[in-house]
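Chain and residue survey
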Amino acid sequence: MAGARPADQPLLFEETHTYTGDERPLTHQRMYEWLHPVSDTVNALLKAGMTLDFS
């Protein structure tokens, strides 16, 4: 989707096996993942009142 930020829409993955190397096929093969940039998380915490001390 043009102009969409990664956090606006989940990423869709369809995999038959897990990344761990387990040979058993996955029962639920459709996975959704959302990207959460560190900057979004830190900014949300700062807006909620968290302070950073660089001393």
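The paragraphs below set out a description of the structure included in this document. Quantities reported herein were computed from a predicted structural model and do not represent experimental measurements.

What follows covers the overall build of the protein chain. Looking only at helices and strands, the protein chain features one helix and two strands. Counting helices and strands in the order they occur from the N terminus, the protein chain gives β-β-α. Out of the 55 residues belonging to the protein chain, those deemed buried represent 0%. Long-range contacts, defined as pairs at least 24 residues apart, comprise 21% of the intrachain contacts of the protein chain with a sequence gap of at least 6. When the accessible surface of the protein chain is summed, it comes to about 5,200 Å², and 57% of that surface belongs to carbon and sulfur atoms.

With that settled, the discussion passes to the environment of Arg30. Position of Arg30 relative to the elements: it lies in strand 2 (residues 30-33). Leaving out residues up to four positions away in the same chain, Arg30 has contacts with Leu12, Phe13 and Glu14. Of note is the side chain of Arg30, whose polar atom sits 3.3 Å from the side chain of Glu14.

Analysis parameters
- Residues numbered from 1 in each chain as written.
- Predicted model: local features only at pLDDT ≥ 70, side-chain atom pairs only at ≥ 80, totals over all residues.
- Heavy atoms only, no water.
- Helix = DSSP H or I, 4+ residues; strand = E, 2+ residues; numbered from the N terminus.
- Buried < 20%, exposed > 50% of the residue type's maximum accessible area, 1.4 Å probe, protein only.
- Contact = heavy atoms within 4.5 Å.
- Areas by Shrake-Rupley, 256 points an atom, 1.4 Å probe, with all protein chains shown as cover.
- Polar contact = N/O pair within 3.5 Å; in protein donor to acceptor, adjacent residues only side chain to side chain.

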